[in-house]
Amino acid sequence: MLFEGLSFALSAGESLELRGANGSGKSTLLRILAGLTRQHAGEVRYSGAGDEAGRHFLGHLDAVKPSETAIEQAQFWARYFGRPVAEADAAMKRVGLSSRNAVPGRGLSAGQKRRLALTRLLIEPRPVWLLDEPTAALDTEGRTLVGQLVAEHRARGGMVIAAVHGEGFAGSRVLDISGLKARAAK
Amino acid sequence: MSASFSVFARELKLAWSGGGGAALPVGFFAASASMTPFAVGAETAALQTAGPGVMWIALALSSLLPMERLFQADLEDGTLDAYAGSGVGMEGIALAKTLAHWIATGIPLAVLSPVLWIMLQGAPEQSGLIFAASLVGSLAFFFFGSIGAALAAGMRRGGLLIALVTLPLYVPTMIFGAATLDAAANGADWAGALMLTASASLFGIATAPFGAAMALRTAID
Amino acid sequence: MAVMSFFHNPHRFMAGSKWPAWGFTLLGVVLIVVGFGIGFFRTPEDFQQDERARMMFVHVPAMWLCMFSYAFMVGASFISFVWRHALADVAAKSAAPIGAVFTAIGLMTGSIWGYTTWGTWWEWGDARLVSVLILFFIFLGYIAVWQAMETPQKAARAAAILCLVGAVNIPIIHFSVEWFASLHQQSTFMTTDNKTTAEFKIPMYLAALGYLALFGGLTLLNMRAEIMKTRADILLQRRQAAD
């Protein structure tokens, strides 16, 4: 068991930072919220537009294919979500990857793969963002970018729950998971 | 709908570009079918008796080969997580991927089978039938195989487990398909057997994605 | 679902299963001995077939139990899948090796019986025998899944899925095997038609009940062993964490 006794509520426009040591269960909690992992007990309730079609899950893996080029992958996600292909180009520009459009996935650095993963969030607008260490492998510019994207998303009424290390987002609530570690054997 | 179709198109492209995806199974098919005369003797009569059955077994095993890779890469690089987290049903994803892999690998296997048929002293006039039977049979093998592939996704060397789990599911297709080939070889009526093989395929296409989806959700969990 | 929630708790199960586990096992052995005893020594001598055909007292109930145990596993897998009932996982896992052994006994005795009837050690034309052979492989695959998965929870889910997939496919497999047998005009069945008199039925049913009781007892014993193993693992983990 990773944790118990966890309870919180979040509203539109808010963001929640999950903090805690490695292995404390931040990723697991995000996966439970995303519906990927099933919890042993407890309930996750989204009211309003937060069902599966209203969420974005960005895990700590980037889902970048080695053989497709960056723009091809962004365009794939546009088609996947039923969005116009032009959204892919716009998203690539926004995350600062346009110059790497024609580079295959294996030629991208870790930070560039992360930015490519971020384009999903822009291509398809969805109210709830579940982000697992969104700034991992990103340089200062990249971290600023993520901060901007989160702020813009919240301004539009979106909600963000993110597992973070180090610097967080302005005006976020913080939940420290390490305090919720399962109690040891009696 | 658009999600599954886009996954299908992507898989097709990836399967073809990913370093000659069909080469290995096709090569294996040719090599193992070519072992037949070493096993049963080179006389025409022996080959015509044993050839169809052995070829069908070789087709089944060649279809089993690509199964290990079916879901592995997507699981490992987080693509499966992305699909699951986006709210698109895993059934559609499983169907799209399996169908794409069949087109990329199964159809080439079916194209090769008349060639192997003739090499094993089968009547050349039957080539069309052999191609059709192999098309339908490989479709069944791929879809039933996808269940094993999903169950073993994420395992190192899941190939053995896939085989053990999938071979019982292959039995109907084995029986009906081999009977079709056998009837063709003996000049008997093959239509009934071919129909049954096609039914097995349809059953596979209809049910396997559900089993595979359940297994994929377990793998992601 | 009061019954289910009663057994949900492993503690209650462990407390409540001790006597039934050993009791059923013992009852099973007794019934089998009695059943075999009557069957082997007290059936009429005008039984046409060879003495060795009395194998059927061992064979037929084994076939029944092999199918029953798979059905039991399907039920447990279904409960495990839908309600995530931990004990259902354990039940299915525990029943599998026992079912596999009954299946193996059915196959071996079927082979011997076939030999006494037709002179061949295996008969591919016997659709039931061949179907059971494939069922045996499904058992093996099921047991392999438990061994192969990383965590017990994943193993439980994967195994349940496999069991249900097998259940869905078994009718088709059986149909195809029957079709195969009829195609090759070798349809042979080891029937017990001419043994419908009471002298045969009673020992056979006794043996079958014995097999059933033995299945129940051994499954319970296996479940208890599984739960004890899990507890030991947990204690070990806690000790390691405390260090």
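Residues numbered from 1 in each chain as written. Chains lettered and ligands numbered in written order. Predicted model: local features only at pLDDT ≥ 70, side-chain atom pairs only at ≥ 80, totals over all residues.

J.: How should the overall build of chain B be read in this particular structure?
T.: A tally of helices and strands in chain B yields eleven helices and zero strands. The order of helices and strands in chain B, counted from the N terminus, is α-α-α-α-α-α-α-α-α-α-α. Across its three principal directions, the C-alpha atoms of chain B cover 55 × 30 × 30 Å. Expressed as a percentage of the 221 residues in chain B, the buried residues total 60%. Contacts in chain B between residues at least 24 apart in sequence constitute 79% of all its contacts with a sequence separation of at least 6. (Helix = DSSP H or I, 4+ residues; strand = E, 2+ residues; numbered from the N terminus. Buried ≥ 20, exposed ≤ 12 C-beta atoms within 10 Å, placed from the backbone. Contact = placed C-beta atoms within 7 Å.)

J.: Looking at this structure, I do not really get the overall build of chain A. What am I missing?
T.: A tally of regular secondary structure across chain A gives five helices and five strands. The order of helices and strands in chain A, counted from the N terminus, is β-α-β-α-α-α-β-α-β-β. Computed over the C-alpha atoms, the radius of gyration of chain A is 17 Å, within 12% of the 16 Å expected from 2.2 N^0.38 for a compact globule of 186 residues. Principal-axis analysis of the C-alpha atoms places the extent of chain A at approximately 60 × 35 × 30 Å. The buried share of chain A, taken over its 186 residues, is 39%. Here the contacts in chain A between residues at least 6 apart in sequence split such that 76% fall between residues at least 24 apart. (Rg over C-alpha atoms; globule rule 2.2 N^0.38 Å.)

J.: What is the right way to read unusual backbone geometry from this model?
T.: Positive phi, close to 50°, is recorded for Glu133(A), a residue that is not glycine. Following the sequence through the fold, Glu133(A) ends up in the loop between β3 (128-132) and α5 (140-155). Note on Glu133(A): 20 C-beta atoms within 10 Å, which makes it buried. In this structure, Gln121(B) takes a positive phi of about 65° despite not being glycine. Inspection of the secondary structure assignment puts Gln121(B) in the loop between α8 (90-119) and α9 (127-151).

J.: Just checking my understanding: could you explain the nonpolar core for this structure?
T.: Nonpolar side chains in soluble globular proteins generally cluster together in the buried interior. Residue and element names in this part refer to chain B. In terms of nonpolar packing, the biggest core is built from 199 residues, with Ala150 and Leu216 touching the most fellow members. In terms of residues, this core owes the most to one element, helix α10 (residues 159-185), which gives 17 residues. Among residues more than four places away in sequence, those in contact with Leu216 are Phe71, Leu80, Met90, Ala94, Ala150 and Ala153. (Core = buried A, V, L, I, M, F, W, Y, C linked by C-beta atoms within 7 Å.)

J.: Please explain the packing of α9(B) against helix α11 (residues 191-220) of chain B as it appears in this structure.
T.: Geometry of a packed helix pair, given as the angle between the helix axes and the separation of the axes. All names here are of chain B. With their axes 7 Å apart at the nearest point, α9 and α11 run at an angle of 20° to one another. As judged from the angle between their axes, α9 and α11 are roughly parallel. Considering the relative orientation of α9 and α11, their crossing is left-handed. Of the residues contributing to the contact of α9 with α11, the split by class is 18 nonpolar, six polar and no charged. (Axes fitted to C-alpha atoms, helices over the stretch in contact; angles between N-to-C directions. Parallel < 35°, antiparallel > 145°, perpendicular 65-115°, else oblique. Left-handed = near helix turned anticlockwise from the far one by under 90°. Nonpolar A, V, L, I, M, F, W, Y, C, P; charged D, E, K, R; others polar.)

J.: Mind showing me how you'd approach the confidence of the model for chain B here?
T.: Low pLDDT marks stretches whose predicted atomic positions should not be read closely. Taken over all residues, the pLDDT of chain B has a mean of 92, while the share at 70 or more is 99%. The ipTM assigned to the predicted complex is 0.90, against a pTM of 0.91. (pLDDT = per-residue confidence, 0-100.)

J.: In this structure, what is going on with the sheet that holds strand β2 (residues 55-58) of chain A? I would like to understand it.
T.: Adjacent strands of a sheet form backbone hydrogen bonds with each other and so pair up, either parallel or antiparallel. Residues and elements named next belong to chain A. As summarised here, the arrangement of the five strands in space is β2-β3-β4-β1-β5, forming an open sheet in which the pairing is parallel. The open sheet is flanked by β2 and β5 (173-176), the only strands paired with a single partner. Pairs of neighbouring strands in the sheet enclose a mean axial angle of 15°, with direction left out of account. Pairing analysis gives four bridges linking strand β1 (residues 15-19) to strand β4 (residues 159-163), with the strands arranged parallel. The partner of Leu18 across the bridge, within β4, is Ala163. (Pairing = 2+ DSSP bridges.)

J.: What is the right way to look at the interface of chain B and chain C in this model?
T.: A common way to express how large an interface is: the accessible area buried when the components associate. Contact residues are listed per partner, giving 21 residues for chain B and 23 residues for chain C. Listed by contribution, the elements that provide at least two residues to the side of chain B that touches chain C are α9, α10 and α11 of chain B. It is α10(B) that provides the largest number of residues to the side of chain B that touches chain C, a total of eleven residues. For the side of chain B that touches chain C, the per-class residue count stands at 17 nonpolar, three polar and one charged.

J.: Could you clarify how one ought to interpret the packing of α9(B) against α10(B) in this entry?
T.: Residue and element names in this part refer to chain B. Following both chains from N to C, one finds α9 and α10 inclined at 170°, their axes separated by 8 Å at the closest point. Between α9 and α10, the interaxial angle falls into the category roughly antiparallel. Between α9 and α10, the contacting residues are Leu129, Ile130, Ala133, Gly137, Ala140, Phe141, Phe144, Gly145, Ile147, Gly148, Ala149 and Leu151 on the first element and Ile162, Val165, Thr166, Leu169, Tyr170, Thr173, Gly177, Thr180, Leu181 and Ala184 on the second.

J.: I would appreciate a short explanation of the environment of Glu178(C) in the present structure.
T.: Residues and elements named next belong to chain C. Along the chain, Glu178 falls in helix α6 (residues 152-183). Residue classification places Glu178 among the partly exposed residues on the basis of 16 C-beta atoms within 10 Å. Between the C-alpha atom of Glu178 and that of Val130, which follows or precedes it by 48 residues, the distance is 9.0 Å.

J.: I tried to follow helix α4 (residues 110-123) of chain A on my own but got confused; where do I start?
T.: Helical geometry: 3.6 residues make up each α-helical turn, so side chains three or four residues apart lie on a common side. Residues and elements named next belong to chain A. Between its terminal C-alpha atoms α4 stretches 21 Å, which fits the 20 Å expected from 14 residues at 1.5 Å a residue. For α4, the buried fraction is high: twelve of the 14 residues fall into the buried class. Residues of α4 that are buried include every one of Gln112, Lys113, Arg114, Arg115, Leu116, Ala117, Leu118, Thr119, Arg120, Leu121, Leu122 and Ile123, and no others. Residues of α4 that are buried in the fold lie against β2, α2 (70-80), α3 (86-94), β3 and α5. (Expected span 1.5 Å × (residues − 1).)

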